[in-house]
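# Report on the structure
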Amino acid sequence: MSVHLHWFLPTGGDGRTLVDRHAYTDGGIRRDRITPVSGVRAPDIEYLAQIAKAAEQLGFEAVLTPTGTWCEDAWLTTVALTQVTERLKFLVAFRPGVISPVLAAQMAATYQRISRGRLLLNVVTGGDSTEQKRFGDHLGHDRRYARTDEFLQIVRGVWGGRPFDFQGEHYQVEGGLTALPPDPLPQIFFGGSSAAAGPVAARNVDVYLTWGEPPEEVKQKIDWIRGLAEKEGRTVRFGIRLHTISRDSSKEAWATAGRLLDDLDPETVAAAQQALGKSESVGQQRMLALHGGSRDKLEISPNLWAGVGLVRGGAGTALVGSHAEVADRIEEYHSLGVEHFVLSGYPHLEEAYWFGEGVRPELAARGLLDAGPAPLAGVPAANGRPASAPGGAPLLIAGGR
């Protein structure tokens, strides 16, 4: 089992601050409870293309694109980026409750033909009722997962190339069909830490994603989902969502993490914690429990830093350390059964280079990466980095998922 490395597309905007501009400002609609920040980069197609091209050049397999009212549409944005990349895959996040499952299956088939097979799907059931209601979705938490279960059964059914009937609580389909099924079928990624989420993963998905918890807690999740999948006669693979702060030395990496905290005032942290504490997402509550809203003891496991989650919703932990130390932690998670690593760091363009030039060679030297297409080589600069690499260490981390 090799390691699969993926990066992230900040379609809600990029920047140099830990403050999540979206998670606790009413989904990005109200902006009156947020500390003004500078250096914000708009998610225009030119900037996103820079990140996508860098990810491809550095050897990342795919990029995750989030979903929500605070970011650009993932389907439209990424299909545009398929035209300026060659082999990079796109892990498109979408909400099953706001689109017909037959239409989603058809869209995926079309996407595969346009991109020549570069689509992956990230199913987001939704843990925030306020945002779900903006989409016209008024189901409660557990019923949303029940609907996702039916949705994925229908998608896989209509990909069979023959008329498909389904009668469920949430969907009734007669003769559902994707006349030209996708080839290959997109892998389906899915996350959820609640009791309602586990059976959905076991029955339907290819890759179960968890946010970056300490290794012992990740192992418990893997054992849980693996056991449920075995009862269904299925095998599920596993992935993890993390930020990274990787530098040439551990001292440099932790200094960068420290500067992130220095930029946060107590009012900003308190406002974030208040809003994030209202989330229905069990995964979000687990993220909050890692730090308890305190700046003390944020290194919750060797090289695993919970500082991001003080103000950011979703994935709230980062791997912090030298390139070798970050590779050590990835190797540790991999030994537990984690295959896919969905990573980010802010600004996304610069951090892609820090990881791609620093950690990826470490992983390759350890035999953890497939011998696929190698990263495109740059001309060495005086400091040993390719001339194409942006100079200087980014100081702050911005929002995303």
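Every value quoted in this text rests on a predicted model; they were computed, and no experiment measured them. Residues take numbers from 1 onward in each chain, read along the sequence in its written order. With pLDDT at 70 or above as the cut-off, local features in this predicted model cover only qualifying residues; side-chain atom pairs require 80 or more to be listed or tallied, and sums for whole chains, interfaces and linings still use all residues. As a convention, hydrogens and water are excluded, and side-chain values are obtained from all of the structure's heavy atoms.

### Concerning the overall build of the protein
- By the criteria applied, helices consist of DSSP H or I runs no shorter than four residues and strands consist of E runs no shorter than two, each listed in order from the N terminus. The helix and strand inventory of the protein stands at 12 helices and 13 strands.
- The buried share of the protein, taken over its 401 residues, is 56%.
- Each accessible area value is a Shrake-Rupley result obtained with a 1.4 Å probe; residue values ignore everything except the protein chains displayed when judging cover. Carbon together with sulfur atoms contributes 52% to the accessible area of the protein, which is approximately 15,800 Å² in total. The classification of residues rests on relative accessible area computed with a 1.4 Å probe and restricted to protein chains. Under 20% of the type maximum is buried, over 50% is exposed, and intermediate values are partly exposed.

### Here we look at helix α3 (residues 101-115)
- A rise of 1.5 Å per residue sets the reference length of α3, with its 15 residues, at 21 Å; its end C-alpha atoms lie 21 Å apart and thus fit the reference within 8%.
- Inspection of α3 places Pro101, Ala104, Ala105, Ala108, Ala109, Tyr111, Gln112 and Ser115 among the buried residues, and these make up the whole buried set. Burial along α3 is one-sided: seen end-on, the buried residues are contained in an arc of 160 degrees.
- Here, residues are in contact when the closest pair of their heavy atoms is within 4.5 Å. Where α3 is buried, its residues contact α2 (74-81), β3 (89-94), β4 (119-123) and α5 (141-158).
- Taking the backbone nitrogen of valine 102 as reference, a side-chain oxygen 3.2 Å away marks serine 100 as the first, capping residue of α3.
- Backbone geometry just after α3 places arginine 116 at a positive phi near 60 degrees. How far a helix is expected to stretch is found by multiplying one less than its residue total by 1.5 Å. Starting at the helix axis, one direction is taken to each C-beta atom, and the arc is that of these directions. N or O atoms within 3.5 Å of each other form a polar contact, as long as, within protein, one can give a hydrogen and the other can take it, and as long as residues adjacent in sequence are counted only when both atoms are side-chain atoms.

### Some points on the nonpolar core
- We call a set of buried Ala, Val, Leu, Ile, Met, Phe, Trp, Tyr and Cys residues a nonpolar core when their side-chain atoms join them within 4.5 Å. Leu5, Phe190, Ile330, Tyr333, Phe341, Phe355 and Leu363 are the most contacted members of the largest nonpolar core, which has 72 residues in total.
- The element that contributes the greatest number of residues to this core is helix α1 (residues 45-57), accounting for seven residues.
- Sequence-distant contacts of phenylalanine 190, defined by excluding residues within four places in its chain, comprise Asn122, Val123, Thr125, Tyr145, Thr148, Ala197, Val200, Ala201, Val205, Val207, Tyr208 and Leu209.
- Formed by 18 residues, the second largest nonpolar core is a distinct cluster that contains Leu260, Leu261, Leu310 and Val311.

### Section: the packing of aromatic side chains
- Think of it this way: a Phe, Tyr or Trp ring, Trp meaning its six-membered ring, pairs with another when their centres are within 6.5 Å, and the plane angle makes it stacked under 30 degrees, edge-to-face over 60, tilted otherwise. In the structure shown here, the tally under the stated rule is eight aromatic pairs.
- Their ring planes at 40 degrees and their centres at 5.2 Å tell us that tryptophan 7 and phenylalanine 60 sit as a pair that is tilted. Of this pair, tryptophan 7 sits in strand β1 (residues 4-8) while phenylalanine 60 is found in the loop between α1 and β2 (62-65), placing the two residues 53 residues apart along the sequence. Judged on exposure class, the residue tryptophan 7 and its partner phenylalanine 60 are both buried.
- A centroid spacing of 5.7 Å and a plane angle of 55 degrees characterise the contact between tryptophan 75 and phenylalanine 94, whose relative ring orientation is tilted. Of the two residues, tryptophan 75 is situated in helix α2 and phenylalanine 94 in strand β3; the sequence distance between them amounts to 19 residues. In this structure, tryptophan 75 and phenylalanine 94 share a single accessibility class: buried.
- Counting every residue linked through ring pairs, the aromatic cluster contains Trp75, Phe94, Tyr111, Phe151 and Tyr171.

### Let's talk about the packing of helix α11 (residues 323-336) against helix α12 (residues 348-365)
- Note on method: axes are straight lines fitted to C-alpha atoms, helices fitted across the in-contact stretch only, with angles between N-to-C directions ranging 0 to 180 degrees. Where α11 contacts α12, the two axes come as close as 9 Å, and the packing angle between them is 60 degrees. In terms of orientation, α11 and α12 fall into the oblique class. Viewed along their axes, α11 and α12 form a crossing whose handedness is right-handed. Residue-level inspection shows His323, Ala324, Val326, Ala327 and Ile330 of α11 in contact with α12, the latter providing Trp354, Phe355, Gly358, Val359, Glu362 and Leu363.
- Of the residues that constitute the contact of α11 with α12, the class distribution is eight nonpolar, two polar and one charged. We call two directions roughly parallel when the angle between them is under 35 degrees, roughly antiparallel when it is over 145, roughly perpendicular when it lies between 65 and 115, and oblique otherwise. By convention the crossing between two helices is left-handed if the near helix lies anticlockwise of the far one by an angle smaller than a right angle, and right-handed if it lies clockwise. In the scheme used here, Gly and all other residues not listed as nonpolar or charged are polar, with Ala, Val, Leu, Ile, Met, Phe, Trp, Tyr, Cys and Pro taken as nonpolar and Asp, Glu, Lys and Arg as charged.

### Section: α12
- Given a rise of 1.5 Å per residue, 18 residues ought to cover 26 Å, and the 25 Å separating the end C-alpha atoms of α12 matches this to within 8%.
- In α12, a bend of some 30 degrees at glycine 356 exceeds every other bend along the element.
- The element α12 is extensively covered by neighbouring structure, given that 13 of its 18 residues are classed as buried.
- Remark: glycine 367 follows α12 within two positions and exhibits a positive phi of approximately 75 degrees. Bending is quantified residue by residue as the angle between axes fitted to the seven-residue window ending at that residue and the seven-residue window starting at it.

### A word on the pattern of salt bridges
- Salt bridges are defined by distance alone: a side-chain nitrogen of Lys or Arg within 4 Å of a carboxyl oxygen of Asp or Glu. Taken as a whole and assessed by the stated rule, the structure comprises 16 salt bridges.
- For glutamate 331, the salt bridge identified is with arginine 366, shortest N-O distance 2.8 Å. Within this pair, whereas glutamate 331 is found in helix α11, its partner arginine 366 is found in the segment after α12, the two being separated by 35 residues in sequence.
- Its relative accessible area of 32% is what places glutamate 331 among the partly exposed residues.
- In the salt-bridge network here, residues are joined through shared partners; they are Asp328, Glu331, Glu362 and Arg366.

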